[in-house]
Amino acid sequence: MQQVLNALQLGSVYALIALGYTMVYGILRMINFAHGDIFMVSTYVGFFAASFLLGRSLHLPNAVVFVLTLLVAMAGTSLLAVFIERVAYKPLRNAPRISAVITALGVGLVLENLTLATIGPEPRILPQVIPRINLSLGGVSVSAIQIVILAISAVVMFVLDTIVRKTMTGTAMRAISFDKSVVPLMGVPIDRIISITFALGSSMAAVGGILYGIAYMIDPYMGIRIGWWAFISAVVGGIGNIRGAMVGGYILGFVEIFVAAFLPSTYRDLIVFALLLVLLVFKPTGILGVPVVQQKV
Amino acid sequence: MKKRGMPPLAKRWLTPALLVAGLALSILLPQLGVLNLYLQQVIIYVGINIILTISLNLVNGYMGEFSVGHAGFMAIGAYVSSLLTVLLFPKVWGPFVFPLVLVLGGLAAALAGLLVALPSFKTRGDYLAIVTLAFNMIIKSVLENIDAIGGPRGFMGMSKLTNVASVYIWVLITIVVLRNFVFSNFGRGVLSVREDEVAAELVSVNTRQTKILAFVISSFFAGVAGGLFAHVLQFINPKSFTILKSTDVLVMVYLGGVGSITGSILGASIYTVLLELLRPLGVWRWVVGPLMLVVLMITRPRGIFGLRESRWLSPPEEVEADAAATG
Amino acid sequence: MPLLQAKGVNHYFGGLKAVSDLNLALEPGELMGIIGPNGAGKTTVFNLITGVYRPTQGQVLLQDQNLVGLRPHQIIERGVARTFQNIRLFKDLSVLDNVRIACYSQVRYGPLASLLHTARFRQEEQRIRADSVRLLGIFHLEGYASVPARNLPYGEQRRLEIARALATRPTLLLLDEPAAGMNPGEIKRLMELIQWIRSEFKLTIILIEHQMRVVMGICERILVLDFGETIAEGKPKEIQNHPRVLEAYLGKGVA
């Protein structure tokens, strides 16, 4: 059962990041390969924010520091994502999709190496704002960190789901994912919605980033590792489908933890990818994905 | 915009003559010390990258698919050829069996290409990208888990069998074979799959056969490139063949231009040389490089030579017929 | 024996019945038209014949061979060709290449020869080129040979599609709304063209059309579909005054 908790913990992070991939794909039909690195950047933003807040003798309660860090990370990451979207992706909206993907790869590499060059490759850990206490519930050891992660993830995902389903913005986002050309004719400011999508998706990743950062160590290369895993989560769940991304994230969390528990670590990648392959062969659109209607001739 | 070509007779012997001259240079210049070891290394890497880029361009450019796992095929070629030269053949035989070993590595990779072609019948676009990505990672994982060939620590012991001349020859072979393929019935079939797969089937194109051919040929040459790579580095490990390497090749393809062999040669050369030139920048080289790529993609999405081919490569009949039709 | 037969063909898309109990027998050399309101399933019939869809039920026979289950290119190889409602040329390829690609299955060399450009390869390529150019000439398109298909004027694009279909050496030709977007003069020339290629290439032709002038003008027999069902079949004169046909097009209550 311990492992179940670990899986949930990890899965939450994957799910949050996967949301960013899936939202951008849903609206632009583009795989934002830079998203994983945006996640990575968010963890560093959190690191510096938290360090700053703690170090200035402001004597803020830890909880406040934590919340502020979260907010700063979300804001900063959103700004970065929107900036990237405006500068690098927007000009390519009508270019062959491949160009956008290559650009995304490039942007990701730039972010990664910029971080590497300026901050250095040593792994760091976020300042401890969550007390490292463990509770014992029904024979299982639950850490405060885990509770925080699970709680915040749940809340955030619920909020996002509500936004997408209930608000005008959310509806607009879904409309754009169905038919991009018609929506502007309906008076929807398409650029603004796209920016909001990026901002929301990156905020999710930022939350995931902070939650990850309080539990594990961060380094500039984590964007690739975690990012690709989250990407796979999104695909497994059905890319473009928000609930699918959440489901996919938890599935991957479970697979990773349980495979690592029973098999040598080098097999982990293999199993994950083999499962992915099998899934794609039998259900190419993912678990919750809508089957693409046969192309009408 | 038709350039006046040279009279046919002169052109016929010019190209072979230049190629032979090139071969001679590739053998002599290193021997005479005109090219120092570093430059030789760079040229060798340029050549390997050209082979990788042209081969990937067949699938991604000409056929319009999105294969993201090219490094996987390279890995297979690298490992198979290395195992052969180190474990099977006596060391002294090295230079003589090298071509054979490269071909065998290529064939192993081609077999893998066949496997990847199968899902391509049902899926396209982003999903095929993920399948090829998964495939790349699986190969890397499998290699890591086989201790007999070194596992994560890698495999070494290869002699330095790759030199400027052998790379030159293989680059030439790649260019000729792929150019021949592209300007043939099957090459046209590949293009039609890119244009409109359903319509292609409905004008008698066997799209499955076409896809298999494209993937198999593409991965064969990736395997050869892997073998060349292994025998210049003299050490390989699974980490060299991850998605990062595949990304490199993708960049070169799209930089040079999709659906163009000339473009691939250009893209591979520019990218390799550029990264070398930026080496003094240390880790900043990896910032500047991708940044330039991003700028390029924004300003010229089709790549430098997108969908166009230089006249040198078009078969004479095509060029003459074109000239006759519009001239 | 009939060239083409459809026996009890039903086709469902999920829960939607797109084609209902289609029965058809076409003699060699016939020129048949299929008409019906939009969404009646006409193009679906073409898709079922050419293997784009596999009929949920029923048989499609070419002479005595069942086409059901074959891949489209195999059906094309057996002598069926088609054009499309919305032109589906290979837009970025040259006019000549569009026609040459249609010769794919007729080429008498294999992949290895293509890699090496053997003598046999060169011979075949020359033959294909010559045949294709000749075909273009018949349709007065030879001047456009190296032009990308997307740059052709609309009428020429339609003719190119027909030329490309003919390059597959069919015995049965399916034309999907060939007169769409044409003015009366072009339509008249099209009608002459269709009749001419029928006799010149010894074709059997099925035509989907909305332009009644074309259908009534050149079709010997007409099949009328509505919501996937065959509501009438017969000679043009019979169809013109058929009450169910009028009802389908004009709605109930109009005599």
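None of the values given here were measured: they were computed from a predicted structure.

The rules behind each value
- Residues numbered from 1 in each chain as written.
- Chains lettered and ligands numbered in written order.
- Predicted model: local features only at pLDDT ≥ 70, side-chain atom pairs only at ≥ 80, totals over all residues.
- Helix = DSSP H or I, 4+ residues; strand = E, 2+ residues; numbered from the N terminus.
- Buried ≥ 20, exposed ≤ 12 C-beta atoms within 10 Å, placed from the backbone.
- Contact = placed C-beta atoms within 7 Å.
- Rg over C-alpha atoms; globule rule 2.2 N^0.38 Å.
- Nonpolar A, V, L, I, M, F, W, Y, C, P; charged D, E, K, R; others polar.
- Axes fitted to C-alpha atoms, helices over the stretch in contact; angles between N-to-C directions.
- Parallel < 35°, antiparallel > 145°, perpendicular 65-115°, else oblique.
- Left-handed = near helix turned anticlockwise from the far one by under 90°.
- Expected span 1.5 Å × (residues − 1).
- Pairing = 2+ DSSP bridges.
- Core = buried A, V, L, I, M, F, W, Y, C linked by C-beta atoms within 7 Å.
- Domains from an automatic or database assignment.
- pLDDT = per-residue confidence, 0-100.

1. Comments concerning the overall build of chain A
Part 1 of the argument: Secondary structure summary: chain A contains 10 helices and 2 strands in total.
Part 2 of the argument: Counting from the amino terminus, helix and strand elements in chain A follow one another as α-α-α-α-β-β-α-α-α-α-α-α.
Part 3 of the argument: Buried residues in chain A amount to 49% of all 297 residues.
Part 4 of the argument: Counting only contacts in chain A whose residues sit at least 6 apart along the sequence, the fraction spanning at least 24 positions is 78%.

2. With respect to the overall build of chain B
Part 1 of the argument: Each helix and strand counted, chain B has 12 helices and 2 strands in total.
Part 2 of the argument: For chain B, the N- to C-terminal ordering of α and β elements is α-α-α-α-α-β-α-α-α-β-α-α-α-α.
Part 3 of the argument: Its C-alpha radius of gyration of 20 Å places chain B within 12% of the 20 Å reference for a compact globule of 327 residues.
Part 4 of the argument: Principal-axis analysis of the C-alpha atoms places the extent of chain B at approximately 60 × 50 × 40 Å.
Part 5 of the argument: Counting every position in chain B, which comprises 327 residues, the buried fraction comes to 53%.
Part 6 of the argument: For chain B, restricting intrachain contacts to residue pairs at least 6 apart in sequence, the fraction spanning at least 24 positions comes to 82%.

3. A look at the interface of chain A and chain B
Part 1 of the argument: The interface is formed by 33 residues belonging to chain A together with 32 residues belonging to chain B.
Part 2 of the argument: Taken together, the elements giving at least two residues each to the side of chain A that touches chain B come down to α4 (97–119) and α10 (266–282) of chain A.
Part 3 of the argument: It is α4 of chain A that contributes the most residues to the side of chain A that touches chain B, 13 residues altogether.
Part 4 of the argument: Of the residues assigned to the side of chain A that touches chain B, the class counts are 26 nonpolar, 6 polar and 1 charged.

4. Structural notes on the interface of chain C and chain B
Part 1 of the argument: Every contact between the two is made by 31 residues of chain C and, on the other side, 27 residues of chain B.
Part 2 of the argument: Of all the elements in the fold, those that place two or more residues in the side of chain C that touches chain B are α2 (72–77), α3 (95–101), α4 (111–116) and α5 (119–138) of chain C.

5. Thoughts on the packing of helix α2 (residues 35–55) of chain A against helix α8 (residues 222–237) of chain A
When two helices pack together, their arrangement is given by the angle between their axes and by how far apart the axes lie.
All names here are of chain A.
Part 1 of the argument: It is the contact of α2 with α8, at a shortest axis distance of 8 Å, that shows an interaxial angle of 125°. Between α2 and α8, the angle is such that the two are oblique. Of the two elements, α2 crosses α8, and the hand of that crossing is right-handed. From α2, H35, G36, D37, F39 and M40 reach across to α8, where they touch M222, G223, I224, I226, G227, W228, A230 and F231.
Part 2 of the argument: When grouped by side-chain class, the residues that make up the contact of α2 with α8 number 8 nonpolar, 4 polar and 1 charged.

6. Comments concerning helix α11 (residues 285–299) of chain B
Part 1 of the argument: Its 15 residues place the ends of α11 of chain B 21 Å apart at the C-alpha level, agreeing with the 21 Å of an ideal helix rising 1.5 Å per residue.
Part 2 of the argument: Contacts made by the buried residues of α11 of chain B are with α3 (62–89) and α4 of chain A together with α9 (243–256) and α10 (261–277) of chain B.

7. Notes on the pairing of strand β7 (residues 172–176) of chain C
Residues and elements named next belong to chain C.
Part 1 of the argument: Among the 5 residues that make up β7, 5 are buried, leaving the element largely enclosed by the rest of the structure.
Part 2 of the argument: Judged by which residues are buried, β7 turns out to be covered on both faces: L172, L174 and D176 on one side and L173 and L175 on the other are all buried.
Part 3 of the argument: Bridge analysis of strand β6 (residues 80–82) against β7 gives 3 bridges, and the strand direction is parallel. Looking at β7, one finds that R82 is bridged to L174.
Part 4 of the argument: Pairing between β7 and strand β8 (residues 204–208): 5 bridges, direction parallel. For L172, the partnering residue across the bridge sits in β8 and is T204.

8. Observations regarding the nonpolar core
Part 1 of the argument: Core analysis: the biggest nonpolar cluster contains 272 residues, and L19 of chain A, I51, M74 and A225 of chain B together with A163 of chain C have the highest contact counts within it.
Part 2 of the argument: Among the elements that line this core, the one with the most residues is helix α1 (residues 2–28) of chain A, at 15 residues.
Part 3 of the argument: Formed jointly, this core draws a minimum of three residues from each of two domains, domain 1 (1–79 + 170–255) and domain 2 (93–168) of chain C.
Part 4 of the argument: Residue contacts for A163 of chain C: discarding those within four places in its chain leaves V99, L135, L136, F139 and L141 of chain C.

9. Focus on unusual backbone geometry
Part 1 of the argument: A positive phi angle, close to 85°, is found at S204 of chain B, a residue other than glycine.
Part 2 of the argument: Among the secondary structure elements, S204 of chain B is positioned in the loop between α7 (185–201) and α8 (207–233).
Part 3 of the argument: Accessibility expressed as a C-beta count within 10 Å gives 27 for S204 of chain B, which makes it buried.
Part 4 of the argument: For K202 of chain C, which is not glycine, the phi torsion reads 55° and is therefore positive.
Part 5 of the argument: Position of K202 of chain C relative to the elements: it lies in the loop between α7 (184–200) and β8.
Part 6 of the argument: Note on K202 of chain C: 11 C-beta atoms within 10 Å, which makes it exposed.

10. Concerning the environment of V224 of chain B
Residue and element names in this part refer to chain B.
Part 1 of the argument: Here V224 is to be found in helix α8.
Part 2 of the argument: Residue classification places V224 among the buried positions, given that 32 C-beta atoms sit within 10 Å.
Part 3 of the argument: Along the primary structure V224 and G105 are separated by 119 residues, whereas in three dimensions their C-alpha atoms are 6.2 Å apart.
Part 4 of the argument: Setting aside anything within four residues of it in sequence, one finds V224 in contact with I51, G77, L102, G105, G106 and W170.

11. Comments concerning the confidence of the model for chain B
All names here are of chain B.
Part 1 of the argument: Put simply, chain B has an average pLDDT of 85, and 91% of its residues get 70 or more.
Part 2 of the argument: Averaged pLDDT values for the elements of chain B fall to 57 in helix α12 (residues 316–326) and rise to 95 in α8.
Part 3 of the argument: Within the model, the stretch residues 1–6 combines pLDDT values under 50 with 6 contacts to residues more than four positions away or in other chains.
Part 4 of the argument: Interface predicted TM-score (ipTM) for the complex: 0.90; the corresponding pTM is 0.86.

12. Observations concerning the pairing of strand β4 (residues 57–62) of chain C
The two faces of the sheet receive side chains in turn, since in a regular strand these alternate between them.
Residues and elements named next belong to chain C.
Part 1 of the argument: Looking at chain direction, strand β1 (residues 4–13) and β4 are connected through 5 bridges and run antiparallel. Residue pairing for β4: K7 is matched across the bridge by Q59.
Part 2 of the argument: As judged from the 2 bridges shared by β4 and strand β5 (residues 65–66), these two strands associate in the antiparallel manner. Bridging from a neighbouring strand, L61 pairs with N66 of β5.
Part 3 of the argument: What sits between the antiparallel neighbours β4 and β5 is a turn of 2 residues, in which Q63 has the positive phi angle 55°.

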